[in-house]
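Chain by chain, the residues:
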Amino acid sequence: MIVRFGFVAMSLTLENSSPSKTMTYKSFSKLDDRDAAIRKLERIAEENLSNTLRILRHCRASDIQMYRFSSKLIPLATHGALADWNPFETLTPSFRELGDFVKRNNIRVSFHPDHFCVFSTPREEVLANSIIDLDNHVRMLEAMGLDEAAKCNIHMGGAYGDKATSSQRFIAQFGSLEPRCLHRVTLENDDKTFNVAETLSAAEQVGVPMVLDIHHHAVNPGDISEDELCGVLWPRIVQTWQRERERLGLTSARELPPKIHASSPKSESDPRGHADFVEPLPLLHFLRKAAPATEYLDCMLEAKSKDEALFKLMDELRKLEEQGEGVKVIDDASVEIFI
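Since this is a predicted model, take the numbers as computed values, not measurements.

*Asks:* Describe the overall build of the chain, and please don't skip the residues or the numbers.
*Replies:* When helices and strands are counted, the chain shows eleven helices and ten strands. What you see for the chain is a C-alpha radius of gyration of 20 Å, in line with the 20 Å of a compact globule of 339 residues. With respect to the three principal axes, the spread of C-alpha positions in the chain is 65 × 45 × 45 Å. Here the chain, with 339 residues, has 52% of them falling under the buried criterion. Sequence-distant contacts, at least 24 apart, represent 76% of the contacts inside the chain between residues at least 6 apart. Looking at the chain, you have 41 positive and 52 negative side-chain charges, and the mean spots of the two groups are 3 Å apart.

And the structure:
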């Protein structure tokens, strides 16, 4: 099995490269000239997009073929007081430059809307804001000129005292989205509420791929054994990606592999928190278990140390390769796993 590693949003090895610079609405509202204030927002967004392009170039130079965009590329993009502002009129050329670079270099990119993008909610106003937030992420991918292989990853949301009812509400409300948004989404199991089996069932019902977060599963396993996870649920997760490739007309698993998230617990007292780096042996253990059902796999690292964590993990995997642990390093950001 070939595994590619990626990282999230920020590079810690590039200086002055934040893709998430922002302005609060309080600061925006203090500016007397609203048009000038909007121009300032757009300049901040242009800087975020420029820094994102720098990070993508860094990815290419480091053999990294997976990257998650910051959700904060456009400050105040979904604020209700700025509903009449269309930032894409100004920013589309910069978004298109990003998309062109992604396509030329075959980098798999994604977004992860924040936790307030919740489709299991019983509150109409929260649902309306969730739709607005998801639409904004989709518009950014569309502005880049990227097809529906570029995804937005979300969780199902809260249980609101009745998990079964909330699950059905998620399926109904998410399933009612217009296709341009629905087909941009992947579902991920979370660390408190919807476990792997529950998330997979919902993903199958609404017809989207599932992303397996192995750290979330470790802290929210339900009654799922390792044998069930790897021998039963994982092959079904792989099939959600196969169906998506068929929908998109892709003929090779290499073009849109199944995707997982990996991180390590911050501490014994905070097992849900993410550590700075990723422990290689638990990750390698899962990869070996997944390998029989999977030819290609993409692994997004959600460590606090971002790209530095990826480089450290690769150094540790090289040591494991030397020790004959069934792993072969291919380049600076991918490996082959042997059963």
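And the narrative resumes.
*Asks:* Quick rundown of the pairing of strand E1 (residues 2-8)? Include the residues and the values.
*Replies:* Most of E1 sits out of view: six of its seven residues are buried. Where E1 meets strand E8 (residues 296-301), five bridges bridge the pair, whose relative direction is parallel. The residue bridging Arg-4 from the neighbouring strand is Asp-298, located in E8. With three bridges connecting them, E1 and strand E10 (residues 334-337) associate as antiparallel partners. Residue pairing for E10: Val-3 is matched across the bridge by Val-335.

*Asks:* An account of the pairing of strand E3 (residues 108-111) is needed here, citing residue identities and associated values.
*Replies:* Burial of E3 is two-sided: the residues Arg-108 and Ser-110 facing one way and the residues Val-109 and Phe-111 facing the other way are all buried. Direction of pairing for strand E2 (residues 66-68) relative to E3: parallel, over a ladder of three bridges. If you follow Met-66 over to E3, its bridge partner there is Arg-108. As defined by bridge partners, E3 adjoins strand E4 (residues 151-154) across two bridges and the pair is classed as parallel.

*Asks:* Give me the lowdown on the environment of Leu-127, citing residues and values where you can.
*Replies:* Structurally, the position occupied by Leu-127 is in helix H4 (residues 124-143). In the structure, Leu-127 is positioned 192 residues away from Lys-319 in sequence and 48 Å away in space, judged by C-alpha atoms. Not counting residues within four places of it along the chain, the set of residues in contact with Leu-127 comprises Phe-119, Thr-121 and Gln-173.

*Asks:* Any chance you could break down the side chain of Ser-110 for me, citing the residues and the numbers?
*Replies:* Structurally, the position occupied by Ser-110 is in strand E3. A distance of 3.1 Å separates the side chain of Ser-110 from the side chain of Lys-259, its partner in a polar contact. Look past the residues within four positions of Ser-110 in its chain and what remains in contact with it is Tyr-67, Arg-68, Phe-69, Lys-151, Lys-259 and Met-300.

So, how was this worked out
Residues numbered from 1 in each chain as written. Predicted model: local features only at pLDDT ≥ 70, side-chain atom pairs only at ≥ 80, totals over all residues. Heavy atoms only, no water. Helix = DSSP H or I, 4+ residues; strand = E, 2+ residues; numbered from the N terminus. Rg over C-alpha atoms; globule rule 2.2 N^0.38 Å. Buried < 20%, exposed > 50% of the residue type's maximum accessible area, 1.4 Å probe, protein only. Contact = heavy atoms within 4.5 Å. Lys, Arg positive; Asp, Glu negative; His and termini not counted. Charge placed at Lys NZ, Arg CZ, Asp CG, Glu CD. Pairing = 2+ DSSP bridges. Polar contact = N/O pair within 3.5 Å; in protein donor to acceptor, adjacent residues only side chain to side chain.

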